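# Examination of the molecular architecture
This is what each chain is made of:
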Amino acid sequence: MNWSIKILEYGYVDRFPASNLFAAQPNEGHRRMPYCFGLLSAPGRHILVDTGFADEAVHRRLTAKYGETRWCTPVEALARVDVTPDQVDTILLTHNHFDHAGCVDAFPDAHVWIQRREIDNYLAAAARPTRFEFLTRSCQADLPQHLAGRRATLVDGRAEVAPGIELRPAHDTHTAGSQLVTVTNEADGPWIFAGDNVYTYENLTGLGGNGVLAPIAMTTGSAATWLDLADDMLGSVGGETRRILPFHEAALWETFPSTTWSDGLHVAEVSTHSS
């Protein structure tokens, strides 16, 4: 089995502080940071890895904080590669944050998969006093109720969702119930969608390529747990960093053959095999 793999950019901010990408690194300046989601395609199938978000108020807030931005809706980004919402049959959510799970309702016919631990821990955190608001600040608040009214699977650990596509838990890292999406193609081998457990390749290669794993900064879990996860991810792809696919990495457009649209947004062709 082979899946075509694309990464679609639906927005970016121009001056995102690197201190929000790397733990305990306050003097690394700013980065252009894209907002992306993944598209897996095979004959008769379209699967999304995360769904992005579309919210004008949030767009304005991010623009005020981070300088120049560009935005389109995830549905508009899909239209650029000739995919319509009704053609999406499956959604795989790496975690419940607004920029990854904010447009699930735009794909009402899709079966949604997310870790049960992610939903349960969000509900428990939301029930705590407001002084614990850090735990829920970036979450898509209505996701649990939305999933209760549609086709959805709350996964306990590993699960195969289609030939060559597997969900793997990454618990207590970026979020309590994060998961990886792995794709294994017969034609070109393994790929990993890391969600927000990798913001940029430098999390894996080290700052300036120094070879020292640089833990992600924004996390509710453990840096030690993340280090083990990162090492395991690298081992599973033979140390080939480009096979671990981040959704907030501007270097994607140079790493893979890419199209730049008139508004400056991109789509990367990670793998063109499908069968």
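This is a predicted model, so every value here is computed, not measured.

## Things to note about the packing of aromatic side chains
The full count for this structure, using the stated rule, is eleven aromatic pairs. Relative to Phe53, the ring of Tyr10 lies with its centre 5.8 Å away and its plane at 85°, an arrangement referred to as edge-to-face. In this pair, Tyr10 sits in strand S1 (residues 4–17) while Phe53 sits in the loop between strand S3 (45–49) and helix H1 (56–66), placing the two residues 43 residues apart along the sequence. Exposure class is identical for Tyr10 and Phe53. Each is buried. Ring plane angle 55° and centroid distance 5.2 Å describe the contact between Tyr35 and Trp71, whose orientation is recorded as tilted. Residue Tyr35 is found in strand S2 (residues 30–42), and its partner Trp71 is found in strand S4 (residues 69–71); the two are separated by 36 residues along the sequence. Residue Tyr35 is classed as buried on the basis of its relative accessible area, which comes to 4%. One Lys or Arg, Arg128, reaches over the ring of Phe132 and ends 3.7 Å from the middle of that ring.

## Looking at the environment of Leu78
Tracing the chain through its elements places Leu78 in helix H2 (residues 74–79). Given a relative accessible area of 0%, Leu78 falls into the buried group. Spatially, the C-alpha atoms of Leu78 and Glu9 are 9.7 Å apart, while their sequence positions differ by 69 residues. Excluding its chain neighbours within four sequence positions, the residues that come into contact with Leu78 are Leu8, Phe37, Leu39, Leu48, Val83, Val88 and Phe107.

Analysis parameters
- Residues numbered from 1 in each chain as written.
- Predicted model: local features only at pLDDT ≥ 70, side-chain atom pairs only at ≥ 80, totals over all residues.
- Heavy atoms only, no water.
- Phe/Tyr/Trp six-rings, centres within 6.5 Å; stacked < 30°, edge-to-face > 60°.
- Helix = DSSP H or I, 4+ residues; strand = E, 2+ residues; numbered from the N terminus.
- Buried < 20%, exposed > 50% of the residue type's maximum accessible area, 1.4 Å probe, protein only.
- Lys NZ or Arg CZ within 6 Å of the ring centre and 35° of its normal.
- Contact = heavy atoms within 4.5 Å.

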